[in-house]
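# Chains, contacts and geometry: an overview
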Amino acid sequence: MATFPPITPLSVEGLAFAVDGKQLLSEISFTLEAHRTALVLGPNGAGKSLLLRLCHGLLQPTAGRVSWQGAGADQASAHQAMVFQRPVMLRRSAAANIDYALSLRGVPARQRSSLTAEALERAGLSALAKRPARVLSGGEQQRLALARAWSVRPQVLFLDEPTASLDPAATRAVEELIGRIRADGTTIVMTTHDLGQARRLADEIIFLHRGRLVEKTAAADFFSNPQSQEARAFVAGELLW
Amino acid sequence: MNDFSDAFATALSLILNLDQDLAEIVLLSLRVSLTAVLVAAVIGLPLGAALALFRFPGRSAAIVIVNALMGLPPVVVGLVVYLLLSRSGPLGPLGLLFSPAAMIIAQAVLVTPIVAALTRQVVEDLWAEYEEQLRSLGATPARAIGTLLWDGRFSLVTAVLAGFGRASAEVGAVMIVGGNIAHVTRVMTTTIALEVSKGDLALALGLGIILIALSLAVNGAASLIRETARRYQGALA
Ligand SMILES: Nc1ncnc2c1ncn2[C@@H]1O[C@H](COP(=O)(O)OP(=O)(O)OP(=O)(O)O)[C@@H](O)[C@H]1O
Ligand SMILES: [Mg+2]
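Residues numbered from 1 in each chain as written. Chains lettered and ligands numbered in written order. Predicted model: local features only at pLDDT ≥ 70, side-chain atom pairs only at ≥ 80, totals over all residues. Heavy atoms only, no water.

### A closer look at the overall build of chain A
Helix and strand counts for chain A stand at eight helices and nine strands. What you see for chain A is a C-alpha radius of gyration of 18 Å, in line with the 18 Å of a compact globule of 241 residues. The C-alpha extent of chain A, read off along each of the three principal axes, is 50 × 40 × 35 Å. By residue count, 54% of the 241 residues in chain A fall in the buried class. (Helix = DSSP H or I, 4+ residues; strand = E, 2+ residues; numbered from the N terminus. Rg over C-alpha atoms; globule rule 2.2 N^0.38 Å. Buried < 20%, exposed > 50% of the residue type's maximum accessible area, 1.4 Å probe, protein only.)

Here is the structure:
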C-alpha cells in the first residue's frame, strides 16, 4: 500500500455545489500538497462537510472540479478514506467492521487479523474488539471509525469532526493518533470546531463562510494575523453563522 | 356440541398417535411450503435488493407492481399457474399439473413478491444509512448488495418467515394446481376444506390445530429474532 505512486496534490478549481437551485458552495479553489494537514474551519452550515464529501468524490459538483494531480491519480479513490461526522457502523463486531474495510481494499485474509488488531489497539479499543459496533458509545464509535479509516493506510484521510463527541482524554488520544498518522506521511483534510485543536494539528487553514472560501493560509498566519474580517471575528469567537 | 368434543378428542389422538395419513399430509405441506419459500427467497432477496439500489427507468412502477403483487389472491395465482401448466399451456409439456411441483410453483409465485417487497424496504432504509460509507470504503455494487443483505439479516429472516406464514396458510392456489389428490397433493389446508365439506371433522380439526401451532411457532421465532437483533445490534437491523 505504501509503495503506490502518490495521488496528491489535490486540486480544487471553481468548485460549486447546489441543491434545488440553492447554492451551498461556490467558487472554491485551492491546491493541497502531499503530506500536509489542512484544517477546514468555519461556523455551522458553512459547507465544511459538503467540501470534504466533494473532495472525497461522494458528491458530484454542480460546477468546477476536484482533481488529483499525482502519478497515481487514476486510482485516487482507492487511496483515500473518510471518517464521517456521524459514524456509520456496520451491524457486526468492532473488529469485523475493520476487517470489512480491509477486505474491500483487497487485503488477503491472513493479513487482515493482525492489521485489525493493530488498528483497534491504536484506537484503544482492543478490549471491545468482539462487541457489536452499534452498541458502542458515541465516542467509541468515533474512534472505531477512525481506526477503520486508518487501517487501510490511505494516502489521504478526510476527517469530519473526528473528536466532536470525545471526552478530553480521548480527544488527546485521538489527536496523538492523528499526529502519528500524519507523521507516517498521510495527507489529512479535517474539520473541527475546536480552535485549540486546529492550532495543534494544522499546517494550513481553509476557512469557509456561507459556502465561500474566505481564506486559505498557513496555520500560523491564520491565527496570528487573519486577513479577512470574517476570519478575525471567527478566531475571536465572535462570528455567527 | 357432542359432535365437536368427540371430533376434538379424535383430533388430539390423531396428533398424539402420529396418525399416518395426518403425518403424510403435514410433511407434504411442509415440503411444499418450505421449498416454495426457499425459491421465493433465492429470487426475492436479490430482486428486492436490486430494486432498492439501482435507479432505472420504470423503477417506481416496478415497486408499485411488486407491492401490489403482495396482495395477490391465491385463487388468481392458482388460475394463472394452472393455465401455464395445463396440457395446452406453454409449460404443459413438463407434465407438472396436479403434482407437488405445481404447488411449489404456485406458492413461490405467491410468496416471491412478499419477500421482494419487504426486502426492498429493508435494504432501501439500510442503503440510505450506508451508501456514502460503503462507497467511501470502495464497495462495488455487487459487494454492497451482499453487505446490505447480511446487515439486514434479522429483518430479512422475518420477511421470509412472513412469506412462509402466507404459503402454509393459503388454500386456493394449491387446490387449483394440486387438485387435492389423496396421497399425492393433499396438504393441510386443502384437506381441511375437503373433510369439512364431507362432514369428517376430526382430521380437519387435527390439521387445524397443527396449522395454528405452526403459525404460533413462526411468529414466536420472528419475535425471538427481533429480540436478538435488539440485544446484539443496539437497534433493529
Ligand atoms: N442535501 C442537502 N440538501 C439541502 N441542503 C443541504 C444538503 N446538504 C447540506 N445542506 C446545507 O448546506 C449547508 C452546509 O452543510 P454542511 O453539512 O457542509 O455544513 P458544515 O459546515 O459541515 O456544518 P457543521 O459545522 O454544523 O457540521 C447547510 O446549510 C446545510 O443545511
Ligand atoms: Mg459538518
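That covers the picture; the talk isn't over yet.
### Quick look at the overall build of chain B
Within chain B, the regular secondary structure consists of ten helices and zero strands. Going from N to C terminus, chain B has its helices and strands arranged as α-α-α-α-α-α-α-α-α-α. Its C-alpha atoms give chain B principal-axis dimensions of roughly 70 × 50 × 25 Å. Going through the 237 residues of chain B one by one, you find that 46% of them count as buried. In chain B, once contacts between residues fewer than 6 apart in sequence are set aside, the share between residues at least 24 apart is 74%. (Contact = heavy atoms within 4.5 Å.)

### Overview of the sheet that holds strand β6 (residues 156-160) of chain A
Residues and elements named next belong to chain A. Strands sit in the order β5-β6-β7-β3-β8-β9 across an open sheet of six strands; the sheet is mixed. Every interior strand has two partners, whereas the edge strands, β5 (80-83) and β9 (212-218), have only one. For this sheet, the mean inter-axis angle between neighbouring strands, taken without regard to orientation, is 15°. Its contacts with the sheet put helix α4 (residues 138-151) on β5 and β6, and the angle it makes with β5 is roughly 180°. (Pairing = 2+ DSSP bridges. Axes fitted to C-alpha atoms, helices over the stretch in contact; angles between N-to-C directions.)

### A closer look at the coordination of the magnesium ion (ligand 2)
Only Ser49(A) (OG) and Gln85(A) (OE1) from the protein coordinate the magnesium ion (ligand 2), and they sit 2.0 to 2.2 Å from it. Here Gln85(A) lies in the loop between β5 and α2 (94-104) and Ser49(A) lies in helix α1 (residues 48-55), a separation of 36 residues in the sequence. (Donors = N, O, S within 2.8 Å, 3.2 Å for Na, K, Ca; no water.)

### What about the site of ligand 1?
Residue and element names in this part refer to chain A. Near ligand 1 there are 13 residues, and of these Asn-44, Gly-45, Lys-48, Ser-49 and His-193 occur at the shortest range. The backbone of Gly-47 places a nitrogen or oxygen atom 2.9 Å from an oxygen atom of ligand 1. One nitrogen or oxygen atom from the main chain of Leu-50 is found 2.9 Å from an oxygen atom belonging to ligand 1. Here the shell around ligand 1 gets three residues from one element, more than from any other, and that element is α1. Looking at side-chain class alone, the shell around ligand 1 contains five nonpolar, six polar and two charged residues. (Near = heavy atom within 4 Å. Polar contact = N/O pair within 3.5 Å; in protein donor to acceptor, adjacent residues only side chain to side chain. Nonpolar A, V, L, I, M, F, W, Y, C, P; charged D, E, K, R; others polar.)

### Points about the pairing of strand β7 (residues 187-191) of chain A
Residues and elements named next belong to chain A. With five of its five residues buried, β7 lies for the most part within the structure. Burial of the side chains of β7 extends over both faces: Thr-187, Val-189 and Thr-191 are buried on one face and Ile-188 and Met-190 on the other. Here strand β3 (residues 37-41) pairs with β7 via four bridges, running parallel. Counterpart to Ala-38 in the pairing with β7 is Val-189. In this sheet, β7 lies alongside β6 in parallel orientation, the contact comprising five bridges. Bridging across to β7, Leu-157 finds its partner in Ile-188. In this view, the connection linking β6 to its parallel neighbour β7 by way of helix α5 (residues 168-183) has right-handed handedness. (Right-handed = clockwise from strand over helix to strand, strands pointing away.)

### Here's the deal with the packing of aromatic side chains
All names here are of chain A. Taken as a whole and judged by the stated rule, the model has five aromatic pairs over all chains. Their ring planes at 50° and their centres at 5.6 Å tell us that Phe-207 and Phe-222 sit as a pair that is tilted. One end of the pair, Phe-207, is in strand β8 (residues 204-209); the other, Phe-222, is in helix α7 (residues 219-224), with 15 residues separating them in the sequence. Phe-222 matches Phe-207 in its accessibility class, with the two residues each being buried. (Phe/Tyr/Trp six-rings, centres within 6.5 Å; stacked < 30°, edge-to-face > 60°.)

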